[in-house]
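So the chains spell out like this:
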Amino acid sequence: MTRSSGGEAAERFQRIVKQPRPGMPTPNLPDRAAECARFRWEDAAALLDGLPDGAGLNIAHEAVDRHLRHGRGDRCAIRWIGKAGQRIELSYAELARQTARFAQVLAALGLAPGERVFVLMGRLPELYTAVLGALKARCAVSPLFSAFGPEPIATRCEMGDARVLVTTPELYRRKVRGLRERLGGLRHVILTGAALPADLAADPGLHAWDDLMARASPDYVIGPTDPETVSLIHFTSGTTGRPKGAIHVHQAVLAHAVTGRWALDLHDGDVYWCTADPGWVTGTSYGLIAPLVAGVTSVVVEAEFDAQAWYDVLERERVNVWYTAPTAIRMMMKLGTDALRGRDLSALRFMASVGEPLNPEGVVWGLEAFGLPFHDNWWQTETGGIMIANTAAMDIQPGSMGQPLPGITAAIVERRPDGHVAVLDEAGRDGELALKAPWPSMMRGYLHEEARYRKCFVDGWYLTGDLARCDAEGYFWFVGRADDVIKSAGHLIGPFEVESALMEHPAVAEAGVIGIPDPTVGEVVKAFVALKPGFEAGEALNRELLGHARKRLGAAVAPKAIDFRSSLPRTRSGKIMRRLLKARELGLPEGDLSTLENDEQP
Ligand code: AMP
């Protein structure tokens with residue numbers, strides 16, 4: 001559903017969304033256009049304190065220590081809910097002490113500012129302490145997905161020159177132990193728990209977390225931190241070659257502060273839940289930094305997705321603001337709204353989604369299920385923070401990523417053969433999404449890959465590698481990755497558009513669309529579809545889906561073939577791996593599969 005095509009349904013949607021909700025605070029960004037005209041990035045500094053005596057800007061100080069001076073020391077910073085239902089509440093004051101201890105631990109281990117600390121574990125409290133403590137120590141941190149196997153762990157630790165790794169005994173045994181010889185630069189491995197397990201005690205450079213922390217002082221004065229000091233390294237997958245290590249700096253906290261307020265509408269005293277894992281940039285920027293900078297209570301759930309358990313969290317913790325992802329939304333949609341009946345979700349005020357295209361049906365389903373729409377927003381590892389969003393006070397355009405936040409200039413551009421880019425001013429044209437550089441949370445480099453980094457910038461624009469379009473009202477619509485797009489009979493076809501159309505069919509749970517080389521038309525569109533329970537794959541449904549898509553999209557855009565799968569390969573951050581579908585279909589090498597989440601082959 002788009003505004004132009006949605007007609008009555010779209011109007012009804014806007015009416016419901018705009019219904020006044022008594023008792024709810026006013027959105028932080030009541031008038032986006034006015035703020036865009038007024039805002040300068042220097043203004044963001046007013047939301048932050050900076051280090052005492054003008055000693056610079058440090059993310060951990062903004063996220064933790066300064067709250068003590070503002071009387072928020074007793075407030076719960078992190079409410080951790082373990083897999084077995086355990087609960088730990090860390091107040092801002094306690095978090096300040098724990099992170100100070102960890103900064104002291106690093107100093108005692110001889111780590112100098114600038115050296116690299118890697119963290120490999122599930123969403124455990126130690127993860128949050130380690131990341132913030134390392135930032136206090138002015139070390140660069142890289143949180144890795146605990147689901148990574150040894151090879152991706154080794155590649156990343158090598159690329160990032162890891163000095164210290166914080167992990168659990170179990171992950172160490174299964175994934176890291178066999179890498180120790182290869183990772184010669186890894187001097188220390190800190191294992192969570194009270195004491196080193198007997199079977200590991202002879203390994204070199206191993207320490208027990210509790211032991212180190214108990215011996216460290218809970219006081220630590222953060223050293224002078226130039227805002228350009230490296231803070232985080234997030235690895236992201238490229239289309240080819242090794243993963244890219246995007247380098248971020250402390251200055252990024254300016255963007256975390258404003259985007260947390262504007263795109264997630266965080267208010268003082270909120271209970272907030274970001275479902276992302278810090279192994280993915282969202283789980284760090286918005287599961288850790290932005291909420292703490294805003295001084296809210298951040299709920300951290302260790303367990304993986306389970307609809308009932310998630311609804312329990314929303315209800316029991318009285319979550320006000322929820323940031324999640326389309327895959328989860330679609331999984332909940334599959335189950336229907338029955339599981340929500342009778343629940344008290346009256347505390348919920350704002351729901352946002354990121355990471356992959358959110359189909360319009362998902363946005364609207366939010367209304368049906370929770371009485372609130374999902375607000376889609378867009379950004380990527382390289383941008384460090386949310387760039388484009390449907391904010392609380394805006395008209396939501398279901399299916400659109402929203403509009404650029406104040407301080408961000410976005411455009412649709414076309415790469416020209418002479419190496420320059422042309423801005424496509426005309427509304428509705430497909431092209432590459434570009435952002436005017438710089439902004440505070442923009443990556444400052446790719447590890448060891450200066451040329452690859454430089455190639456991202458042309459004529460002052462950062463080229464995102466995403467294809468999008470901008471409508472006459474300034475809303476951005478995702479089309480696909482620049483490298484996934486399909487060219488068929490001269491038509492540029494966005495796989496997302498085709499997938500969305502298929503998703504509208506009641507039988508379809510998931511859809512992935514790729515281009516198959518064709519000698520006549522360049523490429524033809526092929527779809528892979530996973531069905532909802534109760535539907536049967538077969539000739540009849542195949543024909544029905546092809547007909548449905550042709551009707552919705554026109555013959556030039558509709559898929560020419562559909563294959564059924566029990567599920568589609570997805571990355572851990574939830575994106576369907578079209579590249580892998582394509583490689584398998586064409587019998588090509590499957591490439592780097594380190595981010596592959598589910599992989600049930602047909
Ligand atoms: P990552 O760096 O892993 O966060 O992935 C960033 C990429 O995810 C973007 O370049 C997009 O291709 C995709 N993405 C993120 N947010 C959205 C969104 N709201 N709609 C569509 N695609 C998105």
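Residues numbered from 1 in each chain as written. Predicted model: local features only at pLDDT ≥ 70, side-chain atom pairs only at ≥ 80, totals over all residues. Heavy atoms only, no water.

A look at the pairing of strand E13 (residues 350-353)
With burial as the criterion, each face of E13 is covered, one bearing Phe 350 and Ala 352 and the other bearing Met 351 and Ser 353. The pairing of strand E12 (residues 321-324) with E13 spans four bridges and is classified as parallel. Bridging across to E13, Val 321 finds its partner in Phe 350. In the classification by handedness, the crossover that spans E12, the intervening helix H12 (residues 326-335) and the parallel E13 is right-handed. In this structure, E13 lies alongside strand E14 (residues 374-378), joined through three bridges in parallel fashion. In the sheet register, Ala 352 faces E14, and the bridge partner there is His 375. For the crossover from E13 across helix H13 (residues 360-370) to E14, the handedness is right-handed. (Buried < 20%, exposed > 50% of the residue type's maximum accessible area, 1.4 Å probe, protein only. Helix = DSSP H or I, 4+ residues; strand = E, 2+ residues; numbered from the N terminus. Pairing = 2+ DSSP bridges. Right-handed = clockwise from strand over helix to strand, strands pointing away.)

Let's talk about the packing of aromatic side chains
Throughout the structure, instances matching the rule amount to 20 aromatic pairs. Between Phe 370 and Phe 374, the ring centres sit 6.0 Å apart and the planes meet at 80°, which makes this aromatic pair edge-to-face. Measuring from centroid to centroid gives 6.2 Å for Tyr 446 and Tyr 453, while their planes differ by 85°, and the two rings are edge-to-face. The class of Tyr 446 is buried, set by a relative accessible area of 4%. (Phe/Tyr/Trp six-rings, centres within 6.5 Å; stacked < 30°, edge-to-face > 60°.)

Some words on the pattern of salt bridges
Throughout the structure, instances matching the rule amount to 45 salt bridges. The partner of Glu 94 in a salt bridge is Arg 97, with the nearest N and O atoms 2.8 Å apart. With Glu 94 and Arg 97 both in helix H4 (residues 92-108) and three residues apart, the pair spans about one turn of that helix. Taking relative accessible area as the criterion, Glu 94 reaches 22% and is therefore assigned partly exposed. The partner of Glu 499 in a salt bridge is Arg 578, and the shortest N-O contact between them spans 2.8 Å. Linking Glu 499 in helix H15 (residues 495-503) with Arg 578 in helix H17 (residues 578-586), this pair joins segments that are 79 residues apart in sequence. Of the two residues, Glu 499 and Arg 578, neither departs from the other in class, the shared state being buried. (Salt bridge = Lys/Arg side-chain N within 4 Å of Asp/Glu carboxyl O.)

Digging into the layout of surface pockets
By volume, the second largest pocket amounts to about 960 Å³. Lining the second largest pocket are 39 residues, and of these Arg 123, Glu 304, Phe 305, Arg 572 and Glu 597 sit closest to its centre. For the lining of the second largest pocket, a count of residues per class yields 16 nonpolar, twelve polar and eleven charged. (1 Å grid on protein atoms, 1.4 Å probe; cavity = no way out; pocket = protein on both sides within 12 Å on 5 of 7 lines; lining within 4 Å. Points joined across faces, edges and corners; volume = space filled by probe spheres on them. Nonpolar A, V, L, I, M, F, W, Y, C, P; charged D, E, K, R; others polar.)

Digging into the packing of helix H3 (residues 59-69) against helix H10 (residues 281-293)
One can describe the packing of H3 onto H10 by two numbers: an axis separation of 8 Å at closest approach and a directional angle of 50°. In terms of orientation, H3 lies oblique with respect to H10. Where H3 crosses over H10, the handedness of that crossing is left-handed. Residue-level inspection shows Ile 59, Glu 62, Ala 63, Arg 66 and His 67 of H3 in contact with H10, the latter providing Ile 289, Leu 292 and Val 293. When grouped by side-chain class, the residues that make up the contact of H3 with H10 number five nonpolar, one polar and two charged. (Axes fitted to C-alpha atoms, helices over the stretch in contact; angles between N-to-C directions. Parallel < 35°, antiparallel > 145°, perpendicular 65-115°, else oblique. Left-handed = near helix turned anticlockwise from the far one by under 90°. Contact = heavy atoms within 4.5 Å.)

Considering the sheet that holds E13
Across the sheet, which stays open at both edges, the nine strands sit in the order E2-E1-E11-E10-E12-E13-E14-E15-E16 with mixed pairing between neighbours. Looking at strand neighbours, the two that pair on one side only are strand E2 (87-91) and strand E16 (403-404), the edges of this open sheet. In this structure, strand E1 (residues 76-81) lies alongside E2, joined through five bridges in antiparallel fashion. From the neighbouring strand, Ile 81 faces E2, where its bridge partner is Arg 87. Sitting on the sheet, H10 touches E1, strand E10 (271-274), strand E11 (297-301) and E12, and the angle it makes with E10 is about 170°.

Considerations on H12
For H12, the complete set of buried residues consists of Pro 326, Thr 327, Ala 328, Ile 329, Arg 330 and Met 332. A positive backbone phi angle near 85° is found at Gly 336, which sits one or two residues after H12.

Overview of the environment of Val 296
With respect to the helices and strands, the residue Val 296 is situated in the loop between H10 and E11. In this structure, the C-alpha to C-alpha distance between Val 296 and Asp 268, residues 28 residues apart in sequence, is 6.0 Å. When sequence neighbours within four positions are dropped, the list of residues in contact with Val 296 reads Cys 76, Ala 77, Tyr 92, Leu 266, His 267, Asp 270, Tyr 272 and Pro 291.

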